[in-house]
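Chain and residue survey
Single-letter residue listing:
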Amino acid sequence: MSLQAFISRRVVTAEGLRPAAVVAEGERIRAVVPVADVGAGMEVRDFGDAAILPGLVDSHVHINDPGRTEWEGFTSATRAAAAGGYTLLVDMPLNCLPATTTVAALETKRAAARGNCRVDWAAWGGVVEGNQDDIEALAAAGVLGFKCFLIHPGIDGFTMVGERELRLALPHVARTGLPLLVHAELAGPVDAATERLANADWKSYETYLQSRPDEAELLAIRMMLSLCREYGVRLHIVHLSTCQALLELRAARSEVLAVSVETCPHYLHLAAEKIADGATLCKCAPPIRSRENCEALWQGLREGVIDLVASDHSPCPPAMKRLEDGSFRTAWGGISSLSVALAVMWTEAGQRGFTLVDIVRWMAEGPAQLAGCKARKGRIAAGYDADLIVFDPEAEFQVTPERLHYRHPLSPYMGETLRGTVKITYLRGRPVFDNGEFPGEAGGREWRK
Ligand SMILES: [Zn+2]
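Heads up: these notes are all about the structure in this document. (Residues numbered from 1 in each chain as written. Predicted model: local features only at pLDDT ≥ 70, side-chain atom pairs only at ≥ 80, totals over all residues. Heavy atoms only, no water.)

This part covers the overall build of the protein chain. A tally of regular secondary structure across the protein chain gives 12 helices and 17 strands. The C-alpha atoms of the protein chain give 21 Å as radius of gyration, which agrees with the globular expectation for 449 residues (22 Å, within 12%). Projecting the C-alpha coordinates of the protein chain onto the three principal axes gives extents of approximately 70 × 45 × 45 Å. The burial tally for the protein chain puts 60% of its 449 residues in the buried class. Long-range pairs, those at least 24 residues apart, make up 74% of the contacts in the protein chain between residues at least 6 apart in sequence. A distance of 3 Å separates the average location of the 47 positive side-chain charges in the protein chain from that of its 56 negative side-chain charges. (Helix = DSSP H or I, 4+ residues; strand = E, 2+ residues; numbered from the N terminus. Rg over C-alpha atoms; globule rule 2.2 N^0.38 Å. Buried < 20%, exposed > 50% of the residue type's maximum accessible area, 1.4 Å probe, protein only. Contact = heavy atoms within 4.5 Å. Lys, Arg positive; Asp, Glu negative; His and termini not counted. Charge placed at Lys NZ, Arg CZ, Asp CG, Glu CD.)

Shown next, in the form of structure tokens:
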């Protein structure tokens, strides 16, 4: 089998940043060796000062396929992923039709993905009202874990669950040994706040922020910690937005409760004070909170209370963002960022003294661990898939529609200057993105254990 040597003065491995050659044999990494050890018979690719990182893993993506390909789809989402340095996307079970809550729906998704993926993908299954008997079958069929909502998810067809439904589902989830991912906002506080704000100005971001109080997240996290402790379920909090939960999450981790926490680039880059009236491109749930809250989330990452950063790429057709009337009440809540999430993170992280090793921990190793593929994805080491990105950490670029590559080029980052560009993305040894081009076939596969 042919050998390739990928050389850089800055290869990001678990041991740190160092000059090295990543030797790939076919689809896998055979070894990481000193550059002097590169032998004859290898195809040598020397990237000099550009860094080599493992392909990123995004454990939180809404691909919306099948059924809502006018929102996104495997073709466009995996193209944007390749451009953004991701080599594995784990798809959320909702916003597609059918939702991934049965084995039959999972098979429909597989058919939709076949031949259309530029990077690898995998599926989360859904926990909804009444599907407790599908949970173990979904696990056997290959989902990597489960996702549930404690509040209406913004679209009908994927029901929220409360304590009663969770008590039916959790024994099944526990038997699979897979993690339960939770959208942690309780409906009660959100509904009450929204009611109080019925006559407020919904073009104002402040109104939207008040409608989704910190308390909704805090109470949801408390309930889930308690339930998952009782049933012995691995808990993962998706898109943590409030810093007020960090203390309790830190305490929960120290008692060996299996809980992990994610946040997203938008909570780490945007701040409520700067969101203009009518700027519904910034609407997501839970909401982007204050500048002070944002800094506290960075502290959570620094201390390891937050394990990972996922994009929560959640697109919709442009009309659903209500850009004309600017109403935060009716606009779709979701931010698309697959192709620029790494640059958003690196721009912010670099200013705070973090390194590419931290970025890899948050955006490759952490998500791979959650998804149960940490022995094959998310690291540059022998035996891992040869998923690599060539990244120029110093290059700056402006976010333009041409850079986004997903279906609808909407972004709250449009026009911003960000730091760090993905030059080439390799999926299992083959280039799938190369300086703005997408060479080769769509060779992405489903990741299954
Ligand atoms: Zn989401």
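Moving on: the sheet that holds strand S14 (residues 308–309). The 6 strands lie next to each other as S9-S10-S11-S12-S13-S14, forming an open sheet whose pairing is parallel. Each having just a single partner strand, strand S9 (125–126) and S14 make up the two edges of the open sheet. Of the strand pairs in this sheet, strand S12 (residues 235–237) and strand S13 (residues 259–263) are connected by 3 bridges, and their pairing is parallel. Bridge assignment links histidine 236 to a residue of S13, and that residue is serine 260. (Pairing = 2+ DSSP bridges.)

Moving on, we come to the pairing of strand S15 (residues 388–398). Pairing of strand S5 (residues 51–54) with S15, which is carried by 4 bridges, proceeds in the antiparallel orientation. Within the sheet, the bridge partner assigned to isoleucine 52 lies in S15 and is valine 390. As defined by bridge partners, S15 adjoins strand S16 (residues 417–427) across 8 bridges and the pair is classed as antiparallel. The residue of S16 that forms the bridge with phenylalanine 397 is leucine 418.

The coordination sphere of the zinc ion contains the protein donors His60 (NE2), His62 (NE2) and Asp312 (OD), at a distance range of 2.1 to 2.2 Å. Site description for the zinc ion: donor spacing in sequence, H-x1-H-x249-D. In this structure, histidine 60 and histidine 62 share a single accessibility class: buried. (Donors = N, O, S within 2.8 Å, 3.2 Å for Na, K, Ca; no water.)

Attention now goes to unusual backbone geometry. Cis geometry is adopted by the peptide bond preceding proline 66, which originates at aspartate 65 and carries an omega value of 5°. Following leucine 97, the chain continues to proline 98 via a peptide bond in cis, the omega torsion being 0°. Its place among the elements puts proline 98 in the loop between strand S7 (86–91) and helix H2 (103–113). At arginine 428, a position not held by glycine, the phi torsion is positive, near 45°. Note on placement: arginine 428 falls in the loop between S16 and strand S17 (430–434). Classification of arginine 428 by relative accessible area gives buried; the value is 6%. Not every positive phi belongs to a glycine, and asparagine 435 is a case in point at roughly 50°.

All right, on to helix H10 (residues 291–303) then. The end-to-end C-alpha separation of H10 is 19 Å, in line with the 18 Å expected for 13 residues at 1.5 Å each. Among all positions of H10, only Asn293, Cys294, Leu297, Trp298, Gly300 and Leu301 are buried. All buried residues of H10 project into a common sector of 155° when viewed along the axis, lining one side. Glycine 304 sits one or two positions beyond H10 and adopts a positive phi of about 85°. (Expected span 1.5 Å × (residues − 1). Arc of directions from axis to C-beta.)

Across all of its chains, the model carries 32 salt bridges by this definition. Notably, a salt bridge pairs glutamate 43 with arginine 45, separated by 2.6 Å at the nearest N-O pair. What makes glutamate 43 partly exposed here is its relative accessible area of 41%. The partner of arginine 110 in a salt bridge is glutamate 107, with the nearest N and O atoms 3.0 Å apart. Here the residue arginine 110 and the residue glutamate 107 both occupy positions in helix H2, the gap between them amounting to 3 residues, near one helical turn. (Salt bridge = Lys/Arg side-chain N within 4 Å of Asp/Glu carboxyl O.)

Counting 109 residues, the largest nonpolar core has Leu166, Leu180, Leu240, Trp362 and Met363 as its most contacted members. Non-local contacts of methionine 363, meaning those with residues more than four positions away in its chain, are made with Leu56, Val57, Tyr86, Val309, Ala341, Leu342 and Met345. Listed in part, the 25 residues of the second largest apolar core include Val128, Leu144, Phe158 and Ala310. (Core = buried A, V, L, I, M, F, W, Y, C linked by side-chain atoms within 4.5 Å.)

Our next topic: helix H5 (residues 187–196). Turn by turn, an α-helix covers 3.6 residues, leaving residues three or four places apart pointing in a common direction. Within the sequence span of H5, burial applies to Ala187, Pro189, Val190 and Ala193. Those residues of H5 that are buried are in contact with helix H6 (205–211) and helix H7 (214–231).

Take the packing of aromatic side chains next. Tallied over the entire structure, the rule returns 12 aromatic pairs. Here the aromatic rings of phenylalanine 6 and tyrosine 426 are separated by 4.7 Å at their centres, their planes lie at 65°, and the arrangement is edge-to-face. With phenylalanine 6 in strand S1 (residues 3–13) and tyrosine 426 in strand S16, the pair connects residues that are 420 residues apart, well separated along the chain. On the basis of relative accessible area, phenylalanine 6 is assigned to the buried category, the value being 0%. In this structure tyrosine 426 comes out as buried when scored by relative accessible area, which is 5%. One aromatic cluster is present, built from ring pairs that chain together Phe6, Phe47 and Tyr426. Taking NZ or CZ as reference, arginine 68 lies 5.1 Å from the ring centre of tryptophan 71, over its face. (Phe/Tyr/Trp six-rings, centres within 6.5 Å; stacked < 30°, edge-to-face > 60°. Lys NZ or Arg CZ within 6 Å of the ring centre and 35° of its normal.)

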